[in-house]
Amino acid sequence: MARIVVGMSGGVDSSVAALLLHRAGHEVIGVFMKNWEETDADGVCTAEADWADVRAVCDGIGIPYYSVNFAQEYRDRVFSYFLEEYQAGRTPNPDVLCNREIKFKAFLDFALKLGAEHLATGHFARIGEARERRTLLRGVDANKDQSYFLHMLGQNALGKAMFPVGGLTKAEVREIARQENLPTCNKKDSTGICFIGERDFKQFLQTYLPAQPGDMRELDTGRVVGRHDGLMYHTLGQRRGLDIGGCGDGRSWFVVGKDLTNNVLLVAQGEDHSALYTTGALAIQETWVAGEPPVGLGTPFRCTAKYRYRQPDQAVTILRTAEGLRVTADDPQRAVTPGQSVVLYDGDVCLGGGVIDHMW
RNA sequence: UGGGGUGUCGCCAAGCGGUAAGGCACGGGACUUUGACUCCCGCAUUCGUAGGUUCGAAUCCUGCCACCCCAG
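Residues numbered from 1 in each chain as written. Chains lettered and ligands numbered in written order. Predicted model: local features only at pLDDT ≥ 70, side-chain atom pairs only at ≥ 80, totals over all residues. Heavy atoms only, no water.

**Quick notes on the overall build of chain A**
Then, number 1: Within chain A one finds eight helices and 17 strands.
Then, number 2: Here the C-alpha atoms of chain A give a radius of gyration of 22 Å, agreeing with the 21 Å that 2.2 N^0.38 yields for 360 residues.
Then, number 3: Projected onto its principal axes, the C-alpha coordinates of chain A cover approximately 65 × 50 × 35 Å.
Then, number 4: Within chain A, the fraction of its 360 residues that count as buried is 51%.
Then, number 5: Of the roughly 16400 Å² of accessible surface on chain A, 48% is carried by carbon and sulfur atoms. (Helix = DSSP H or I, 4+ residues; strand = E, 2+ residues; numbered from the N terminus. Rg over C-alpha atoms; globule rule 2.2 N^0.38 Å. Buried < 20%, exposed > 50% of the residue type's maximum accessible area, 1.4 Å probe, protein only. Areas by Shrake-Rupley, 256 points an atom, 1.4 Å probe, with all protein chains shown as cover.)

**Structural notes on the environment of leucine 20**
Then, number 1: Mapped onto the secondary structure, leucine 20 falls in helix α1 (residues 12-23).
Then, number 2: Put simply, leucine 20 and isoleucine 61 are 41 residues apart on the chain and 9.8 Å apart in space, counted from C-alpha to C-alpha.
Then, number 3: In this structure leucine 20 touches Pro164, Val165, Leu168 and Ile176, once residues within four positions along its chain are discounted. (Contact = heavy atoms within 4.5 Å.)

**Things to note about the environment of tryptophan 51**
Then, number 1: As for its position among the elements, tryptophan 51 is in helix α2 (residues 46-61).
Then, number 2: For the pair tryptophan 51 and serine 147, spaced 96 residues apart in the sequence, the C-alpha separation amounts to 25 Å.
Then, number 3: With residues near it in sequence (within four places) discarded, tryptophan 51 still touches Phe32, Tyr65, Tyr66 and Ser67.

**A few points about the sheet that holds strand β10 (residues 253-259)**
Then, number 1: Spatial strand order, β9-β8-β11-β10: four strands in an open sheet with mixed pairing. Unpaired on one side and paired on the other, β9 (224-228) and β10 mark the two borders of the sheet. Each neighbouring strand pair of the sheet contributes to a mean axis angle of 30 degrees, computed without reference to strand direction.
Then, number 2: Inspection of the sheet shows strand β8 (residues 214-218) paired to strand β11 (residues 264-269) by three bridges, in the parallel sense. By the bridge assignment, glutamate 218 is partnered in β11 with valine 267. (Pairing = 2+ DSSP bridges. Axes fitted to C-alpha atoms, helices over the stretch in contact; angles between N-to-C directions.)

**Focus on the nonpolar core**
Then, number 1: Counting residues in hydrophobic clusters, the biggest one holds 49 residues, and the most contacted among them are Tyr74 and Phe163.
Then, number 2: With nine residues, the top contributor of residues to this core is helix α4 (residues 94-113).
Then, number 3: Sequence-distant contacts of tyrosine 74, defined by excluding residues within four places in its chain, comprise Asn35, Trp36, Phe79, Cys98, Ile102, Ile193, Cys194, Phe195 and Ile196. (Core = buried A, V, L, I, M, F, W, Y, C linked by side-chain atoms within 4.5 Å.)

**A few points about the pairing of strand β5 (residues 125-130)**
Then, number 1: Pairing analysis gives six bridges linking β5 to strand β6 (residues 133-138), with the strands arranged antiparallel. Opposite alanine 130, over in β6, you have arginine 133 as the bridge partner.
Then, number 2: Counted between consecutive antiparallel strands, the loop separating β5 from β6 contains two residues, among which arginine 131 sits at a positive phi close to 45 degrees.

**Overview of the protein's contact with RNA strand B**
Then, number 1: Near RNA strand B there are 39 residues, and of these His123, Lys144, Gly192, Asp243 and Tyr309 occur at the shortest range.
Then, number 2: Near-protein atoms of RNA strand B (within 4 Å) split between backbone and bases, with sugar and phosphate holding 67%.
Then, number 3: The backbone of glycine 241 places a nitrogen or oxygen atom 2.8 Å from a phosphate oxygen of RNA strand B.
Then, number 4: Contact distances for RNA strand B include 2.6 Å between a base nitrogen and a side-chain N or O atom of glutamine 340.
Then, number 5: No other element matches α4, which puts four residues into the surface near RNA strand B.
Then, number 6: Class assignment for the residues of the surface near RNA strand B results in 11 nonpolar, 18 polar and 10 charged. (Near = heavy atom within 4 Å. Polar contact = N/O pair within 3.5 Å; in protein donor to acceptor, adjacent residues only side chain to side chain. Nonpolar A, V, L, I, M, F, W, Y, C, P; charged D, E, K, R; others polar.)

What follows is the structure, encoded as C-alpha cells:
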C-alpha cells in the first residue's frame, strides 16, 4: 500500500493504469497535466475534453484528482529546443525530451512533493532490475511498445516510475476499461506532439518561425525542379508536400538533403534512390538508462537499434568515440535524420540512445 | 507574314470513328504519443475554340485562337 500519483492524459492507457493500481490497494491520486495553452487551428481545445475524461474516470474508480500546469516548463525545456532545432535545419523529437524534462522531472518532483512514493503513467514499457540497477524494458505488446520515447530516462526516474499497463497488450487494456465501464474505453489513441496534439505541421511551425523560400534542386543533376517555402517544412525521406509533378521519369520525389548555406532543398527521384540510404551515423548527447555506457571508449559493441519509433530492430555495432557514438548498421537504413533519436536495445532491455548528428 | 508542328485533369502522358488509360501532384482516410515512410480511397460527362460530316468524333473536315520550330 503506497501513495501513487498517476499521470492521467484522459486516454485509456492511463485510465487503466490508475484502475489497476487502485485495485491493487494503493492510494492513488490522478493528476492531469495541462502543458499547452493554445487551442488548435480550429479553435478546439482538446485539453478541456481530456480533463473532463480524467475527472469522469477518477470519479468512476473512486480516486481523487488534480490538474497541474507545466506550460511554462514545457516551453522552456522542450518547445524552445524544438524550435531551435528546426531553425538549425534538423528534425527534433520533442516527445523524448518531454518525457525526460517534464513527465519524469518536473512532474515527478511535483508527485514526490505530494508525498507519493511513485509516479505511474500509461506507457507501454516495463521496468526491470539487473545488478542493483533499474532497467527499462520493452512493453509486452510489441506493436505498442513505447520504450523508444522513454530511452532518456535514468536511474533516478526509473526508481520512482511505474508502468502498470506495460505488461498488457493494447487489446487487454481496452478490455479492462470496457469491463469497468471507464468512459475512455473506446477513445481513439491520441497522436501528434505530446500535449500539443495533431496539427497541420506547416501551419503550426509558421506561427513560430520565419521561413525563407528557396529552390529545390535534383541532387544528381543540380537542376532546379521546384521551389520550397522553407527548409524547416521538410525532413529527410519525405515525399509529400514537394509538389513536383510531371517532371523526370514519373516516379515520386523525396527529400534527400538540405543545403543550409544556399537554402536549397535537395531532392531525388525514386523511393530506392541511393541517397536515401546510409549505414553509418554519429549520435551525440548519448544517454544511458543504466547511468553509464555498456562499454568503454573504443570497444565495439553489438546490439540492435531503432532509428525511429516503431521501426523493427536493426542489428548494429556501436563504437564510443570522443566525438560521439558511432552507430553502424548491418543493413542500409532509410532516411536516417539529424535531430532524431537512435535508441539502442540489448534484447528487451533499452540501453539508451543518442541524437543523430550526421550520417555517411 | 511564308512553310512545318502542337494544343487531352495542376504537371507528364495514352488515345488514331464507338462513347476519356496510367504516372506525378493534390485532397480525404487508415496507421502512428515526434517529424516522416507506408497503405487505402478520391480526382476531366470532357478533350484550345466555333461550326460541319456521321447513328455515333478527343479521334474526319473547315474557320478562328494560342504556343513552338524553320525561313526571313
